[in-house]
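Chain by chain, the residues run as shown.
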Amino acid sequence: MERTLTILKPDCVRKQLIGAVIDKIERAGFRVVAMKKTRLTQATAGEFYAVHRERPFYGELVEFMSSGPCVPMILEKENAVADFRTLIGATDPAQADEGTVRKLYADSKGENIVHGSDSAENAAVEAGFFFSAEEVVRVD
Ligand code: RTP
Ligand code: MG
């Protein structure tokens, strides 16, 4: 079993799509291991996406990710990292495959509904960013 870290981004929460997106995630075979609603500050959003610090969209990304509540989750499934990125589709919804979360719900490349870890190693680091050990114990 592999784990990935997702964030239902502030646009997802504002558009009242939390349930719709979690429905897609569960139907695709992912187990929700941990979940919370929280709000990133500019500092924590900047830290989470620090890898993009030099990119032209970094300021906009930090602004957006701290603009309202979000819902981080740890998900578990075989091949979770790659399968989740397939489920959500390309970064830019205009480039995303039909039926993917971003194609269905995202407005733009910047405001694209969900985050998905890009490797199992980063998933573990990102999970630690949001969740303590007690919060990731599966009880089902
Ligand atoms: P994520 O990390 O959020 O799962 O998205 P990703 O791997 O598909 O894309 P990445 O290249 O890691 O970019 C991180 C997030 O930055 C915003 N972005 N905006 N305006 C732009 O050109 C642009 N490019 C990226 C998006 O919110 C993207 O998900
Ligand atoms: Mg990424």
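Residues numbered from 1 in each chain as written. Chains lettered and ligands numbered in written order. Predicted model: local features only at pLDDT ≥ 70, side-chain atom pairs only at ≥ 80, totals over all residues.

By the naming in an unreviewed UniProt entry, the protein goes by Nucleoside diphosphate kinase and is assigned to Chlorobium limicola. The record in UniProt for the protein states the following under Cofactor (unreviewed entry): "Mg(2+)". (UniProt positions renumbered as here; feature names shortened; annotations may be inferred.)

Enquirer: It is not clear to me how the UniProt feature "active site" (unreviewed entry) in the protein should be interpreted in this structure. Could you clarify?
Expert: When the UniProt feature table is mapped to this numbering, "active site" (unreviewed entry) covers H115. Position of H115 relative to the elements: it lies in strand β4 (residues 114–116). Not counting chain neighbours up to four residues away, the residues in contact with H115 comprise T6, I7 and K9. (Helix = DSSP H or I, 4+ residues; strand = E, 2+ residues; numbered from the N terminus. Contact = placed C-beta atoms within 7 Å.)

Enquirer: Explain the nonpolar core to me, please; I cannot follow it from the model alone.
Expert: Nonpolar side chains tend toward joint burial in soluble globular proteins. Within the largest apolar cluster, 32 residues are counted, with the highest numbers of intra-cluster contacts made by V21, I74, L75, F84, V101, I113 and V114. Per-element tally for this core: the top contributor is helix α5 (residues 80–88), with five residues. Apart from the residues within four sequence positions on either side, V114 is in contact with T6, I7, L8, K9, C12, V21, I88 and V101. (Core = buried A, V, L, I, M, F, W, Y, C linked by C-beta atoms within 7 Å. Buried ≥ 20, exposed ≤ 12 C-beta atoms within 10 Å, placed from the backbone.)

Enquirer: Honestly, the environment of R39 in this entry has me stumped. Any pointers?
Expert: Tracing the chain through its elements places R39 in the loop between β2 (31–35) and α3 (42–48). Through-space distance from the C-alpha of R39 to that of A28 is 27 Å; in sequence the pair is 11 residues apart. Not counting residues up to four positions away in its chain, the partners in contact with R39 are G68, P69 and C70.

Enquirer: Is there a simple way to think about the pairing of strand β3 (residues 71–77) in this case?
Expert: Both faces of the sheet carry side chains from a regular strand, because those side chains alternate between them. For strand β1 (residues 2–8) and β3, the ladder comprises seven bridges, and the chain directions are antiparallel. The residue of β3 that forms the bridge with L5 is I74. Summarising the sheet, β2 and β3 pair through four bridges and their orientation is antiparallel. The partner of M35 across the bridge, within β3, is M73. (Pairing = 2+ DSSP bridges.)

Enquirer: What should I look at first to understand the UniProt feature "binding site: ATP" (unreviewed entry) in the protein in this one?
Expert: The UniProt record annotates "binding site: ATP" (unreviewed entry) at K9, F57, R85, T91, R102 and N112. Mapping F57 onto the fold places it in the loop between α3 and α4 (58–65). Judged by C-beta crowding, with 12 C-beta atoms within 10 Å, F57 ranks as exposed. Tracing the backbone through its elements, the reader meets N112 in the loop between α6 (101–105) and β4. Excluding anything up to four places from it in sequence, N112 contacts T91, P93, R102 and A106.

Enquirer: Got a minute to help me understand helix α7 (residues 120–130) in this structure?
Expert: An α-helical segment advances 3.6 residues per turn. Residues three or four places apart therefore align on the same side. Here α7 has its buried residues at A123, E126, A127 and F130. Buried residues of α7 fall within an arc of 105 degrees about the axis and therefore sit on the same side. Exposed residues pointing more than 90 degrees away from the buried face of α7 are listed as E121, V125 and G128. Among the structural elements, β1, β3 and α5 are those in contact with the buried residues of α7. (Arc of directions from axis to C-beta.)

Enquirer: It is not clear to me how the site of ligand 1 should be interpreted in this structure. Could you clarify?
Expert: Close to ligand 1 lie H52, F57, L61, T91, K109, G110, N112, H115, G116 and D118, which account for all nearby residues. Looking at the shell around ligand 1, its residues break down into two nonpolar, six polar and two charged. (Near = placed C-beta within 6 Å. Nonpolar A, V, L, I, M, F, W, Y, C, P; charged D, E, K, R; others polar.)

Enquirer: It is not clear to me how the sheet that holds β4 should be interpreted in this structure. Could you clarify?
Expert: Consider a sheet: its strands pair through backbone hydrogen bonds, and that pairing is either parallel or antiparallel. Strand order in this open sheet of four strands is β2-β3-β1-β4, and the pairing throughout is antiparallel. Two strands in the sheet have a free side with no partner beyond their single neighbour: β2 and β4. Sheet twist, expressed as the average angle between the axes of neighbouring strands with direction ignored, equals 30 degrees. Of the strands in this sheet, β1, β3 and β4 are in contact with α5, which crosses β1 at around 35 degrees. Along the sheet face, α7 touches β1 and β3 and points at about 55 degrees away from the line of β1. (Axes fitted to C-alpha atoms, helices over the stretch in contact; angles between N-to-C directions.)

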